[in-house]
Amino acid sequence: MTERVMTTERTAESLAKTLREAIIRFSRRVRQARPVGDLTFSQLSALTSLQLHGALTPRELADVERVQPPTMTKIVGKLEERGLVGRTPHPTDGRQVILAATDEGRAVYAVHEDARNEWLAVQLDQLTPEERDTLARAAEILQRVARA
């Protein structure tokens, strides 16, 4: 009985390493499938978070992005300079502001999102129907793990 548990743990550890490495490489490759422009990965990530989460305070955005507030201040400043993010006063706290993607920011996000989706669709089209079914099941499982 103990041997079975140890085998399962080793298998989980081995799978964890293999899966983590595959996800990292996959994520990097998807990020590279974007229009060439002057947005950095950090700027695009912050814009994506505002698109997905809606309006946030700078602190909330820093927390979502897992960066320090001074770093987020610089990122947001660059996005504001390009007209991709706007600030509005916080409705209940005069010391705070709310950040949101502008119409132009949403359009830039959509262009980047479309480019990544198109690249991935081409790759998936080269797989067998069974492989695509397997990936669909894996995506559901990964989403469940990510929510845990």
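Here goes a summary of the coordinates provided. (Residues numbered from 1 in each chain as written. Predicted model: local features only at pLDDT ≥ 70, side-chain atom pairs only at ≥ 80, totals over all residues. Heavy atoms only, no water.)

## Concerning the pattern of salt bridges
Here is step 1: As enumerated under the stated definition, the model contains six salt bridges in all.
Here is step 2: When the shortest N-O distance is used, the salt bridge between Glu 21 and Lys 17 registers 3.3 Å. Here the residue Glu 21 and the residue Lys 17 both occupy positions in helix H1 (residues 2–32), the gap between them amounting to four residues, near one helical turn.
Here is step 3: Looking at Lys 17, the relative accessible area reads 48%, which means it is partly exposed.
Here is step 4: A salt bridge links Arg 106 to Asp 103; its shortest N-O distance comes to 2.2 Å. Taken together, the positions of Arg 106 and Asp 103, both in helix H5 (residues 103–125) and three residues apart, correspond to about one turn of that helix. (Salt bridge = Lys/Arg side-chain N within 4 Å of Asp/Glu carboxyl O. Helix = DSSP H or I, 4+ residues; strand = E, 2+ residues; numbered from the N terminus. Buried < 20%, exposed > 50% of the residue type's maximum accessible area, 1.4 Å probe, protein only.)

## With respect to the nonpolar core
Here is step 1: Membership of the largest hydrophobic core comes to 18 residues, with the highest contact counts inside it found for Leu 39, Leu 47, Leu 61, Met 72, Leu 79 and Val 85.
Here is step 2: Contributing elements (two or more residues each) for this core: helix H2 (41–53), helix H3 (58–65), helix H4 (69–81), strand E2 (97–101) and H5.
Here is step 3: Contact partners of Val 85, with chain neighbours within four places excluded, come to Leu 47, Leu 50, Val 76, Leu 79, Glu 80, Leu 99, Ala 100, Ala 101 and Thr 102. (Core = buried A, V, L, I, M, F, W, Y, C linked by side-chain atoms within 4.5 Å. Contact = heavy atoms within 4.5 Å.)

## A look at the packing of H2 against H4
Here is step 1: Running from N to C, H2 and H4 cross one another at 85°; their axes reach a closest spacing of 10 Å. The pairing of H2 with H4 is recorded here as roughly perpendicular in orientation. Of H4, the residues touching H2 (which contributes Ser 42, Gln 43, Ala 46 and Leu 47) are Met 72, Ile 75, Lys 78 and Leu 79.
Here is step 2: Partitioning the contact of H2 with H4 into residue classes produces five nonpolar, two polar and one charged. (Axes fitted to C-alpha atoms, helices over the stretch in contact; angles between N-to-C directions. Parallel < 35°, antiparallel > 145°, perpendicular 65-115°, else oblique. Nonpolar A, V, L, I, M, F, W, Y, C, P; charged D, E, K, R; others polar.)

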